[in-house]
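Each chain is listed here by its residues.
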Amino acid sequence: MPDNNLRNVLQAAFDHALAYREHADEGPVAPLATVESLRARLNVPLTDDGADSIRILNELVAAVEGGITNNSGGRFFAWVMGGSVPSSLAADWLTSAWDQNAGAYDVAPAAAVAEEVAGEWLKDVLHLPHEASFALVTGCQMAHVTCLSAARHRLLAGRGWDVERDGLFGAPAIRIITSTEAHGTARRAARFLGFGEKSITAIPCGEDGRLPPEALEAAFSNDPHAPTIVLLQAGDLNIGAYDDFAALIPIARRHNAWVHIDGAFGLWVCASEKLRHLARGVELADSWATDGHKWLNVPYDCGYAFIRDVEAHRAAFCYASVYVAASTGRDAIDWTPEWSRRARGFATWAAIRELGRNGIAAMIERTCDHARGLVRGLGALHGAEQLSDPQINQGLVRFLDPRSSATPKDHDAFTDRMTRAINASGIAMFSNTTWRGRRAMRVSVCNWQTTAEDVRRVVESVAGTLAHERRSTE
Ligand SMILES: *Cc1c(COP(=O)(O)O)cnc(C)c1O
């Protein structure tokens with residue numbers, strides 16, 4: 001018997017989703033609803049009895065109006081957020097419909113094999129060592145936790161300490177050496193794993209945003225034998241800087257350190273022959289964390305961890321499960337911090353199939369070109385300046401307070417005001433940052449749909465907003 005209710009509610013969801021995606025270009029990019037209005041609409045009285053599912057769905061769609069950030073469209077340039085290529089969005093829907101628990105092969109065999117294949121494809125596309133193991137996790141934050149759990153195991157095992165059995169109380173202290181540009185998720189991973197933030201030594205970067213090799217060497221000399229993780233960056237948030245892996249990793253190796261790479265988005269240049277040189281030497285590391293939900297344009301809930309030391313990876317997570325007999329396939333429970341988990345391999349499998357190696361490379365290169373076009377176009381406007389020319393898909397623009405008495409603080413405030421005004425205009429969405437003591441508007445292009453026409457429209461519209469804001473400030 002067909003379930004008419006299920007059919008109708010899924011059809012309604014399909015219609016709503018399609019209407020949203022097909023008309024997303026017409027509405028504002030930034031969410032312009034106020035928190036009060038969202039609360040008023042969503043915080044309906046909780047009832048004792050349930051209600052009709054189609055009615056609920058329609059109510060939900062109406063209630064979130066203006067509160068949905070349009071990062072699935074081509075004019076979203078805030079933070080580092082991707083959209084979703086069609087097949088990966090569709091595969092993600094099916095993932096929910098199939099509702100698999102992808103913790104173990106026996107529980108969800110097709111999901112396990114899709115992950116297995118996706119993991120191999122990812123190593124191929126990213127030019128990572130074939131022998132590396134992998135894990136599909138919720139995002140780069142958890143990929144750090146996954147990789148650094150393996151690092152913790154290996155470094156302590158090397159000192160005769162079994163961290164899985166004996167924990168960290170009394171264990172030799174592990175230190176983390178990184179740069180001041182390291183992402184906040186590295187700090188949180190250190191917290192989750194019991195290292196504490198105090199274990200982190202953050203070395204100031206040079207003008208180029210990279211960790212200076214002599215400074216790394218000097219950091220080791222403080223305590224040459226401490227078990228150490230060196231955490232390097234492939235693509236920082238502000239200017240897309242890459243640490244000099246080819247110079248840094250051999251230094252870390254000489255001190256028996258574990259080298260972990262934060263490549264949340266930046267690792268994806270490895271998919272492009274034209275851009276791969278930026279990450280030269282990255283394959284020499286021990287572990288790599290990246291995202292599918294950023295530059296690969298897979299829907300959210302998609303991060304990837306890769307670990308060269310397969311044994312350390314497995315030792316950190318393996319759980320002699322009592323209710324899942326040793327199975328013939330891959331049990332994700334042995335490779336991730338999760339237990340029950342989403343079958344997130346399907347969406348990745350679909351995205352890689354849809355794009356192919358060339359399509360991924362083209363998407364990475366195209367978004368870099370558009371970032372350059374945007375930053376140069378905006379930076380050339382009267383009253384704006386470009387702070388960094390994007391070498392990948394990230395750049396910075398600053399807007400100048402037109403008053404002759406304006407101080408750097410006034411330019412900071414004017415830059416924040418401009419970003420708010422652009423976002424309020426609906427044409428695009430940007431976010432701001434403080435870079436080298438100055439406020440700047442970040443330009444980040446990650447979406448597969450962004451076109452040269454989007455770039456042109458946005459620059460033209462920002463020119464109008466800037467002229468208006470300057471007039472009302474003078
Ligand atoms: C986004 C980002 C992260 C965190 O990734 P999530 O997927 O949000 O967990 C880590 N590092 C860098 C450089 C990032 O841009």
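Draft legend 1. Here's a closer look at the overall build of the protein. From N to C terminus, the protein includes 14 helices and 11 strands. What you see for the protein is a C-alpha radius of gyration of 24 Å, in line with the 23 Å of a compact globule of 474 residues. Counting only C-alpha atoms and orienting by the principal axes, one finds that the protein spans roughly 70 × 70 × 45 Å. Counting over 474 residues, the protein shows a buried share of 52%. Of the roughly 21200 Å² of accessible surface on the protein, a fraction of 55% belongs to carbon and sulfur atoms. Of the charged side chains in the protein, 47 are positive and 57 negative, and the gap between their average positions amounts to 4 Å.

Draft legend 2. Fine view of the sheet that holds strand β8 (residues 384-388). Pairing within the open sheet is antiparallel, and its 4 strands lie in the order β8-β9-β11-β10. Strands with a single pairing partner mark the edges of an open sheet, and in this sheet they are β8 and β10 (431-435). Each strand of the sheet is rotated relative to its neighbour by a mean of 40°, with strand direction disregarded. Relative to strand β11 (residues 438-444), β10 runs antiparallel, the two being bridged by 5 bridges. What sits directly across from N432, in β11, is M441. Contacts from helix α12 (residues 345-379) reach β8, β9 (394-399) and β11 within the one sheet, and its direction differs from that of β8 by about 140°.

Draft legend 3. Up close: the site of the ligand. Near the ligand you find G139, C140, Q141, H183, T185, L237, D262, A264, F265, D291, H293 and K294, and these make up its full shell. One of the side-chain nitrogen or oxygen atoms of D262 is found 2.8 Å away from a nitrogen atom of the ligand. Within the side chain of K294, one N or O atom sits 2.8 Å away from an oxygen atom of the ligand. Within the complex, 85% of the 380 Å² of free accessible area of the ligand lies under protein.

Draft legend 4. Here's a closer look at the sheet that holds strand β1 (residues 133-137). Taken in spatial order, the 7 strands make up an open sheet running β1-β7-β6-β5-β4-β2-β3, and their pairing is mixed. Both outer strands of the open sheet, β1 and β3 (200-203), are each paired with one neighbouring strand and no more. Sheet twist, expressed as the mean angle between neighbouring strand axes with direction ignored, is 20°. Note that strand β4 (residues 228-233) and strand β5 (residues 258-262) share 5 bridges and pair parallel. When the sheet's bridge partners are listed, Q233 is paired in β5 with D262. Where helix α9 (residues 213-222) meets the sheet, its contacts fall on β2 (175-179), β3 and β4, and the angle it forms with β2 comes to roughly 160°.

Draft legend 5. Quick look at unusual backbone geometry. In this structure, W79 takes a positive phi of about 45° despite not being glycine. Looking at where W79 falls in the secondary structure, it is placed in the loop between α3 (53-63) and α4 (86-98).

Draft legend 6. Summary view of the packing of helix α2 (residues 35-42) against α3. Interaxial distance between α2 and α3 falls to 9 Å at its minimum, and their mutual angle equals 170°. Regarding the angle of α2 to α3, the classification is roughly antiparallel. Across from L38, R41 and L42 in α2, the residues of α3 making contact are L60, A62 and A63.

Draft legend 7. Examining empty space enclosed by the protein more closely. The tally for this structure, following the rule as stated, stands at 2 cavities of 30 Å³ or more. Approximately 60 Å³ is the volume attributed to the largest cavity. Within the lining of the largest cavity, the residues separate by chemical class into 3 nonpolar, 3 polar and 3 charged. When its volume is computed, the second largest cavity comes out at roughly 30 Å³. Taken together, D92, V298, P299, Y300, D301, C302, R342, R344 and A347 form the lining of the second largest cavity. The residue inventory of the lining of the second largest cavity, partitioned by class, reads 5 nonpolar, no polar and 4 charged.

Draft legend 8. Spotlight on the packing of aromatic side chains. With the rule as written, the count across this model stands at 7 aromatic pairs. Ring geometry for F77 against F430: centres 5.4 Å apart, planes inclined by 35°, an arrangement best described as tilted. Residue F77 is found in the loop between α3 and α4, and its partner F430 is found in the loop between α13 (408-425) and β10; the two are separated by 353 residues along the sequence. Here F77 matches F430 in class, with each residue buried.

Draft legend 9. Layout of the pairing of β2. Counting buried residues in β2 gives 5 out of 5 residues, a clear majority hidden from the surface. On β2, burial covers both faces: R175, I177 and S179 on one face and I176 and T178 on the other are all buried. Here β2 runs beside β4; their pairing, made up of 3 bridges, is parallel. In the sheet register, R175 faces β4, and the bridge partner there is T228. Relative to β3, β2 runs parallel, the two sharing 4 bridges. Counted as the bridge partner of I176 is I200 from β3. In this region the chain leaves β2, passes through helix α8 (residues 184-192) and returns to the parallel neighbour β3; the handedness of that crossover is right-handed.

Conventions we followed
- Residues numbered from 1 in each chain as written.
- Predicted model: local features only at pLDDT ≥ 70, side-chain atom pairs only at ≥ 80, totals over all residues.
- Heavy atoms only, no water.
- Helix = DSSP H or I, 4+ residues; strand = E, 2+ residues; numbered from the N terminus.
- Rg over C-alpha atoms; globule rule 2.2 N^0.38 Å.
- Buried < 20%, exposed > 50% of the residue type's maximum accessible area, 1.4 Å probe, protein only.
- Areas by Shrake-Rupley, 256 points an atom, 1.4 Å probe, with all protein chains shown as cover.
- Lys, Arg positive; Asp, Glu negative; His and termini not counted.
- Charge placed at Lys NZ, Arg CZ, Asp CG, Glu CD.
- Pairing = 2+ DSSP bridges.
- Axes fitted to C-alpha atoms, helices over the stretch in contact; angles between N-to-C directions.
- Contact = heavy atoms within 4.5 Å.
- Near = heavy atom within 4 Å.
- Polar contact = N/O pair within 3.5 Å; in protein donor to acceptor, adjacent residues only side chain to side chain.
- Parallel < 35°, antiparallel > 145°, perpendicular 65-115°, else oblique.
- 1 Å grid on protein atoms, 1.4 Å probe; cavity = no way out; pocket = protein on both sides within 12 Å on 5 of 7 lines; lining within 4 Å.
- Points joined across faces, edges and corners; volume = space filled by probe spheres on them.
- Nonpolar A, V, L, I, M, F, W, Y, C, P; charged D, E, K, R; others polar.
- Phe/Tyr/Trp six-rings, centres within 6.5 Å; stacked < 30°, edge-to-face > 60°.
- Right-handed = clockwise from strand over helix to strand, strands pointing away.

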